[in-house]
Amino acid sequence: MDVLKKIGIMGGTFDPIHYGHLVTAEAAYYEYGLDRIYFIPSGQPPHKKGRHVTSAEDRLLMTHLATAANPHFYTSDLEIKRQGYTYTVDTIRQLHQMMPETEIYFITGADAFSEILTWKDPVTLLNSCDMVAATRPGYTRSRVIDQVEEIMGNNADRLHFLEVPALAISSSDIRQRVHDKKPIRYLLPESVENYIYKHQLYR
Ligand code: NAP
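I will try to describe carefully the structure that is included in this document. (Residues numbered from 1 in each chain as written. Predicted model: local features only at pLDDT ≥ 70, side-chain atom pairs only at ≥ 80, totals over all residues. Heavy atoms only, no water.)

## Description of the side chain of T86
Stage number 1. One can find T86 in the loop between α3 (78-81) and α4 (88-98).
Stage number 2. Residue classification places T86 among the buried residues on the basis of a relative accessible area of 5%.
Stage number 3. A distance of 3.3 Å separates a polar side-chain atom of T86 from the backbone nitrogen of G43.
Stage number 4. Once residues lying within four places of it in the same chain are set aside, the contact partners of T86 are S42, G43, Q44, P45, P46 and E79. (Helix = DSSP H or I, 4+ residues; strand = E, 2+ residues; numbered from the N terminus. Buried < 20%, exposed > 50% of the residue type's maximum accessible area, 1.4 Å probe, protein only. Polar contact = N/O pair within 3.5 Å; in protein donor to acceptor, adjacent residues only side chain to side chain. Contact = heavy atoms within 4.5 Å.)

Right, here's the structure in full:
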């Protein structure tokens, strides 16, 4: 196989994955001319200590189901296999070691991105890849972004904002809807919907 020039890494808890995530990844694929998108569900998210998160196995399987039909979407268990809390800076470092000639675009939600200065080793992370913050409708740029751009210095043009109207869909809303016995059809792939009901998630 040829060396991949540019890949997108979709980072998220994916609890559950939905069409907002899939539309974001597809938009980034076209916008930045990426060769592939790897969805990497977070293992043990350090920022969710004490909060219930669906098992890594269920989140990984739902992500596999959701991405299977798209030829340039892949799902990776890189973070889920790692022991202890998982940090994005370690994931990007590991990917650079595995694919030294490949440029990496880390894609996540703008709300998650606005917390980046509290993540592990943010300066190293911000200078190790392109960053794509996917915005929901009505997003207003937070002050953190000015600080982020300052840290990135000459690399500030590697920070991208991608508006994704489909991100009006959210995982937390889907979990609440299942809990309230409201329909979730058309918010996420049917295979993921069936998985949620079969395994009685979010009751
Ligand atoms: P989160 O706090 O659960 O999500 C914040 C917001 O961003 C939510 O509205 C979420 O919507 C949205 N979002 C999350 N991932 C998205 C994606 N890939 N595309 C579009 N929207 C997305 O964030 P999270 O999902 O746990 O974490 C996001 C990424 O940041 C993960 O890769 C995580 O590992 C990384 N992270 C790293 C550190 C660290 O290294 N210390 C700390 C925090 C987060 P939905 O709920 O609908 O997804």
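Back to the text.
## Quick notes on the site of the ligand
Stage number 1. The ligand sits among 26 residues. The nearest are T13, H21, H47, K48 and R136.
Stage number 2. A distance of 3.2 Å separates an oxygen atom of the ligand from a polar backbone atom of G12.
Stage number 3. The side chain of H47 places a nitrogen or oxygen atom 2.8 Å from an oxygen atom of the ligand.
Stage number 4. In the complex, the protein chains occlude 89% of the 860 Å² of accessible area that the ligand would expose alone. (Near = heavy atom within 4 Å. Areas by Shrake-Rupley, 256 points an atom, 1.4 Å probe, with all protein chains shown as cover.)

## Description of helix α8 (residues 171-179)
Stage number 1. By the burial criterion, the buried members of α8 are S171, I174 and V178. When α8 is viewed along its axis, its buried side chains cluster within an angular range of 60 degrees and face the same direction.
Stage number 2. Looking one or two residues past α8, K181 carries a phi angle of roughly 60 degrees, positive in sign. (Arc of directions from axis to C-beta.)

## Some words on helix α1 (residues 19-31)
Stage number 1. The end-to-end C-alpha distance of α1 is 18 Å, a good match for the 18 Å that 13 residues give at a rise of 1.5 Å each.
Stage number 2. For α1, every residue scored as buried is listed here: G20, H21, L22, T24, A25, A28 and Y29.
Stage number 3. G33 sits one or two residues past α1 and shows a positive phi near 60 degrees. (Expected span 1.5 Å × (residues − 1).)

## Digging into the layout of surface pockets
Stage number 1. Considering only enclosed or pocket space, the largest pocket measures out at about 1200 Å³ in volume.
Stage number 2. What lines the largest pocket is a set of 45 residues, among which G12, T13, H47, K48 and A112 lie closest to the centre.
Stage number 3. Of all the secondary-structure elements, those providing two or more residues to the lining of the largest pocket are β1 (6-12), α1, α4, β4 (103-109), α5 (110-113), β5 (130-135) and α8.
Stage number 4. Along the lines of polarity and charge, the residues of the lining of the largest pocket split into 17 nonpolar, 19 polar and nine charged. (1 Å grid on protein atoms, 1.4 Å probe; cavity = no way out; pocket = protein on both sides within 12 Å on 5 of 7 lines; lining within 4 Å. Points joined across faces, edges and corners; volume = space filled by probe spheres on them. Nonpolar A, V, L, I, M, F, W, Y, C, P; charged D, E, K, R; others polar.)

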